[in-house]
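# Coordinates in review
Each chain, written out:
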Amino acid sequence: MSVLLLIFGLLCFIALVVVHEFGHFIMARRGGIEVEEFGIGFPPRAKVLTKKNGTTYTLNWLPLGGFVKLKGENDADTEPGTFGAAPLGTKVKVMLAGVVMNLLAAFAILTFLALVGMPKLIDNQFTVPSDTKIVRQDVLVNYVESNSPAEKAGLRVEDKLLNISYNDRKSIVGIVSSDKLPALTKRFQGKSVDIAVKRDGQVKYLPVKLRSAAEVAKSAKTDHPEGVLGISTQEFVVQRSTWSAPIVAVGFMKQATELTFKGLGAVVADLFRGDTAEASSQVSGPIGIIFILKIASTLGYQSILMIIAIISLTLAIMNVLPIPALDGGRLFVTLLFRAIRKPLKQRTEDLIHGTGFMVLMFIFVLITIVDVRRFF
């Protein structure tokens, strides 16, 4: 099931970029700009799907999104039907259409999630308390201490803890929250118990001999204090709303946007200090996204959709910033040259965005290297 969810997540990720480009496509056509090609994936070209109304629809080999090729994409083009010849208002709409589409996609996904169950990712995640109900609360293992009772018993990261049983499983105590787990394990310290976990859709009973009070007390005096079981956990909480679902979606988008800008600020600060490794470690490329989706796939379709919604929102934010080669950068350069009343020559425009593209590719390669080291 998790494999199918991972494939679903990857398809959704590709669809986000296609949706983004579809916004450019629709607004360009409405503005009288000819669209020469609408591509799913990036070249080299695999197949021409169809040709209609002057547009070639293609399928390409690199499944990283899509693109729209407009006629006369430089601001200096003057031939009728080109992007360059379009009024400034039309150009602004075309360049911002992808951002709008990603915002709408994020809003739609988050509204749906609020109705069926939205994972809680932020401690103070926005909700309408009177219309919020917790429908799922799992305790998951996120760290297993080396040479601990947990490791010897076979506990793994991402295991869902269900209960602790003793007396040949005749007596069972449920594990309902991370906060109550330390007191629960302390209750059985020094004893042999069975810990029930859910892994890959199956329930497993793992026999474990917990550390005694004396062992824990002795380790507390060292630089490496040990717990009774030797794990750390996190809670996976899913909340559901009804009439307030759209409000919850907007509230979460606001929170996520604020956190994104804080993260970007930290990355920029690291770059100014010359710490490119630290800066790149705070973001993820395609490899990182695949691994994030892989982890999310073990938690259900809500987690997959939550990640996709956040990526869609992030795409909107990044494409509205004045970064050369991206939509926001193209818009900024166009408006800047209008403001200073100078023509934006093709050579100048190509130099600005070409340089920006090379910088983005350098950052992309750097992030990919960091992702490979991080996940492999």
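To start, this report covers the structure provided alongside it.

Rules used throughout
- Residues numbered from 1 in each chain as written.
- Predicted model: local features only at pLDDT ≥ 70, side-chain atom pairs only at ≥ 80, totals over all residues.
- Heavy atoms only, no water.
- Patch = residues over 30% accessible without salt bridge, like charges linked within 9 Å, V, L, I, M, F, W, Y side chains within 5 Å.
- Areas by Shrake-Rupley, 256 points an atom, 1.4 Å probe, with all protein chains shown as cover.
- Salt bridge = Lys/Arg side-chain N within 4 Å of Asp/Glu carboxyl O.
- Helix = DSSP H or I, 4+ residues; strand = E, 2+ residues; numbered from the N terminus.
- Polar contact = N/O pair within 3.5 Å; in protein donor to acceptor, adjacent residues only side chain to side chain.
- Contact = heavy atoms within 4.5 Å.
- Buried < 20%, exposed > 50% of the residue type's maximum accessible area, 1.4 Å probe, protein only.
- Core = buried A, V, L, I, M, F, W, Y, C linked by side-chain atoms within 4.5 Å.
- Pairing = 2+ DSSP bridges.
- Axes fitted to C-alpha atoms, helices over the stretch in contact; angles between N-to-C directions.
- Left-handed = near helix turned anticlockwise from the far one by under 90°.
- Nonpolar A, V, L, I, M, F, W, Y, C, P; charged D, E, K, R; others polar.
- Expected span 1.5 Å × (residues − 1).

### Some details on a nonpolar patch on the surface
On the surface, Phe357, Met358, Met361, Phe364, Val365 and Ile369 cluster together to form a nonpolar patch covering roughly 550 Å² of accessible area. In this structure, methionine 361 sits in helix H11 (residues 346-375).

### Quick notes on the side chain of asparagine 74
Position of asparagine 74 among the secondary structure elements: in the loop between strand S2 (55-70) and helix H2 (88-116). Of note is the side chain of asparagine 74, whose polar atom sits 3.0 Å from the side chain of aspartate 350. Once residues lying within four places of it in the same chain are set aside, the contact partners of asparagine 74 are Gly84, Gln346, Glu349 and Asp350.

### Remarks on the side chain of serine 219
Examined against the element boundaries, serine 219 turns out to sit in helix H5 (residues 213-219). In terms of polar contacts, serine 219 uses its side chain to reach the backbone amide nitrogen of glutamate 226, at 2.9 Å.

### Concerning the environment of glutamate 73
Relative to the helices and strands, glutamate 73 resides in the loop between S2 and H2. When the C-alpha atoms of glutamate 73 and glycine 84 are compared, they prove to be 6.1 Å apart, with eleven residues separating the residues in sequence. With near-sequence residues (within four places) excluded, glutamate 73 lies in contact with Val68, Phe83 and Glu349. In terms of polar contacts, glutamate 73 uses its side chain to reach the backbone amide nitrogen of leucine 70, at 2.8 Å.

### A look at the environment of alanine 196
Inspection of the secondary structure assignment puts alanine 196 in strand S7 (residues 192-199). Judged by relative accessible area, which is 0%, alanine 196 ranks as buried. Along the primary structure alanine 196 and valine 333 are separated by 137 residues, whereas in three dimensions their C-alpha atoms are 59 Å apart. Not counting chain neighbours up to four residues away, the residues in contact with alanine 196 comprise Lys160, Leu161, Leu162, Asn163, Lys204 and Tyr205.

### Section: the nonpolar core
Counting residues in hydrophobic clusters, the biggest one holds 31 residues, and the most contacted among them are Leu110, Leu113, Met118, Leu293 and Ile308. Elements with a minimum of two residues in this core: helix H1 (2-30), H2, helix H6 (245-272), helix H8 (286-297) and helix H9 (301-320). The element that contributes the greatest number of residues to this core is H9, accounting for nine residues. Not counting chain neighbours up to four residues away, the residues in contact with leucine 113 comprise Met118, Gln239, Gln302, Leu305 and Met306. Residues Ala150, Leu155, Ile195 and Leu206 belong to the second largest nonpolar core, which totals 22 residues.

### A word on the pairing of strand S6 (residues 171-174)
Note that strand S5 (residues 160-166) and S6 share four bridges and pair antiparallel. Opposite tyrosine 166, over in S6, you have serine 171 as the bridge partner.

### Quick look at the environment of isoleucine 7
Checked against the element boundaries, isoleucine 7 lands in helix H1. For isoleucine 7, a relative accessible area of 44% gives the class partly exposed. When the C-alpha positions of isoleucine 7 and lysine 294 are compared, they lie 9.1 Å apart, and in sequence the two are 287 residues distant.

### Comments concerning the packing of H1 against H2
Between H1 and H2, whose axes approach to 7 Å, the crossing angle comes to 145 degrees. As H1 runs across H2, the sense of the crossing is right-handed. Across the interface between the two elements, Leu16, Val19, His20, Phe22, Gly23, His24, Met27 and Ala28 of H1 pack against Lys93, Val94, Met95, Ala97, Gly98, Val99, Met101 and Asn102 of H2. Its residues assigned to classes, the contact of H1 with H2 comprises ten nonpolar, five polar and one charged.

### Focus: H9
Over its 20 residues, H9 extends 29 Å from the first C-alpha to the last, a length consistent with the 28 Å expected when each residue adds 1.5 Å. By the criterion of burial, H9 is predominantly enclosed, with 14 of the 20 residues buried.

### With respect to unusual backbone geometry
A cis geometry characterises the amide bond from proline 43 onward to proline 44, with omega recorded as 15 degrees. Among the structural elements, proline 44 can be located in strand S1 (residues 35-52). You will see that asparagine 147, though not glycine, has its phi angle at about 60 degrees, which is positive. Here asparagine 147 shows up in the loop between strand S4 (133-144) and helix H3 (149-153).

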